[in-house]
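Observations on the three-dimensional arrangement
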Amino acid sequence: MTGHRSASRDIVVGIDPNRDWRLSLAWAADEAQRRRLPLRLVLAVPPPPATRHVDDTPGRTTLRQAGSDRLEQACNWVRDRHPEVAVTGDLLSGFPAPVLGGAAREARMVVLGSRHLSRTAEFFSAGSLVVPITAQARCPVVVVGDAEHISQQPPYVVAGIDGSASAVAALDFAFDEADLRGAALRVVCVGQPPLIVRDDEEVALHARRTLLSEATAGLSEKYPDVHVTHEVLTGHPVEELARAAEHALAVVVGRRGRGGYTGMRIGSVVHGLLHRAHCPVITVPTG
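Residues numbered from 1 in each chain as written. Predicted model: local features only at pLDDT ≥ 70, side-chain atom pairs only at ≥ 80, totals over all residues. Heavy atoms only, no water.

Some words on the packing of helix H2 (residues 22-35) against helix H7 (residues 165-181)
This is how the line gets drawn: Lines are fitted to the C-alpha atoms to define the axes, a helix being fitted only along its stretch in contact, and any angle between axes, read from their N-to-C directions, falls within 0 to 180 degrees. The helix count covers DSSP runs of H or I at least four residues long, the strand count covers runs of E at least two residues long, and both are numbered beginning at the N terminus. Note on terminology: angles under 35 degrees are roughly parallel, angles over 145 are roughly antiparallel, angles of 65 to 115 are roughly perpendicular, and the others are oblique. Residues are treated as being in contact if the distance between any of their heavy atoms lies within 4.5 Å. Gly counts as polar in this scheme, as do all residues outside two lists: the nonpolar Ala, Val, Leu, Ile, Met, Phe, Trp, Tyr, Cys and Pro, and the charged Asp, Glu, Lys and Arg.
Interaxial distance between H2 and H7 falls to 10 Å at its minimum, and their mutual angle equals 85 degrees. Taken together, the axes of H2 and H7 are roughly perpendicular relative to one another. Contacts between H2 and H7 involve Trp-27, Glu-31, Arg-34 and Arg-35 on the former and, on the latter, Phe-173, Asp-176, Glu-177, Leu-180 and Arg-181. Among the residues forming the contact of H2 with H7, the class breakdown is 3 nonpolar, no polar and 6 charged.

What to know about the nonpolar core
The line we're drawing: Side-chain atoms within 4.5 Å are what join buried Ala, Val, Leu, Ile, Met, Phe, Trp, Tyr and Cys residues into a set we call a nonpolar core. The cut-offs for exposure are 20% and 50% of the maximum accessible area for each residue type, with area from a 1.4 Å probe on protein chains only; residues under the lower value are buried, those over the upper are exposed, and the others partly exposed.
One finds Leu-39, Leu-41, Val-111 and Leu-185 to be the most contacted residues of the largest nonpolar core, which totals 48 residues. If you tally residues by element for this core, the top one is H7, at 8 residues. Not counting residues within four places of it along the chain, the set of residues in contact with Val-111 comprises Ile-11, Val-12, Val-13, Gly-14, Ser-24, Trp-27, Ala-28, Val-142 and Val-144. Within the second largest apolar cluster, 36 residues are counted, among which are Val-141, Val-143, Ala-184 and Ala-245.

Re the side chain of Arg-181
Relative to the helices and strands, Arg-181 resides in helix H7. Apart from residues no more than four positions distant in its own chain, Arg-181 is found in contact with Trp-27, Glu-31, Arg-34, Glu-148, Val-157 and Leu-249.

Thoughts on the environment of Thr-234
Structurally, Thr-234 can be placed in strand E8 (residues 228-234). Note: C-alpha distance between Thr-234 and Cys-189 (45 residues apart in sequence) is 8.5 Å.

What about the packing of aromatic side chains?
Condition: Paired rings are identified among Phe, Tyr and Trp, the last through its six-membered ring, by centres lying within 6.5 Å, and are further divided according to the angle between planes into stacked (under 30 degrees), edge-to-face (over 60) and tilted (the rest).
One pass over the full model with this rule turns up 2 aromatic pairs. Their ring planes at 80 degrees and their centres at 5.9 Å tell us that Trp-21 and Trp-77 sit as a pair that is edge-to-face. Placement of the pair is Trp-21 in the loop between strand E1 (11-14) and H2 and Trp-77 in helix H3 (residues 57-81), with a sequence separation of 56 residues. Overall, Trp-77 belongs to the partly exposed group, its relative accessible area being 25%. Here Phe-175 and Tyr-223 contribute two aromatic rings whose centre-to-centre distance is 5.8 Å and whose plane-to-plane angle is 25 degrees, an arrangement assigned as stacked. Remark: Tyr-223 occurs in the loop between helix H8 (198-222) and E8 and Phe-175 occurs in helix H7; sequence separation between them is 48 residues. Residues Phe-175 and Tyr-223 agree in their burial class; the two are buried.

Rendered as structure tokens:
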């Protein structure tokens with residue numbers, strides 16, 4: 001048993017009452033079954049608009065009832081899919097992002113759906129969860145925008161690494177995920193093309209190959225059943241990783257970056273993959 005699998009914390013799933021939640025919930029339920037973890041579904045009921053001068057109790061009651069019905073429907077859906085998975089539903093008051101962020105503080109993993117909005121629309125949308133939760137969560141965050149590509153044989157997971165501390169954590173998680181699924185692991189390092197001479201290109205390629213070998217050496221011993229391949233690619237990291245993961249079960253990357261929107265810590269590669277990749281994107285924080 002690995003450290004990941006011995007954790008007793010749950011997998012938290014954000015349920016949006018205005019969208020079809022089955023795609024992200026199917027991924028989360030399958031993962032809970034694989035990891036033998038409980039599943040917690042969270043649905044937030046926002047407060048009434050501040051412009052109201054009277055308490056719209058009937059309207060709020062209707063919203064809460066609709067939310068409760070949706071949660072019950074989702075819980076029953078999980079029980080039908082995986083009867084052995086323990087599932088609970090929490091109907092909480094507040095705006096979705098802070099509510100889910102609070103619920104996820106002790107989570108093993110957070111799973112969200114995505115509408116593949118533009119970066120600006122995703123960030124400024126009132127109901128957006130993807131960017132703030134991905135940036136702030138203390139655990140891995142999985143964003144499911146499309147169904148898994150399970151027709152590719154053999155199935156594989158992609159891990160993008162760059163030598164950073166967050167990439168080390170992501171690679172550890174990617175090995176564990178591939179091992180759980182009996183899948184291969186493609187470890188990818190992407191660099192920009194050199195600007196001057198060919199000698200620089202050879203030096204850069206050698207450095208990336210060395211990085212890949214050193215990063216995977218100990219983990220390959222820890223996970224002997226995972227077939228690992230190393231890929232050194234040249235180009236834009238987002239485009240190359242998205243292309244490598246076109247038929248992947250998931251692409252796993254570390255969360256990097258400081259500053260940006262409201263100082264949240266999320267790197268440009270993560271931003272790009274959230275909107276470019278068509279497989280689930282798993283973002284792993286450092287430590």
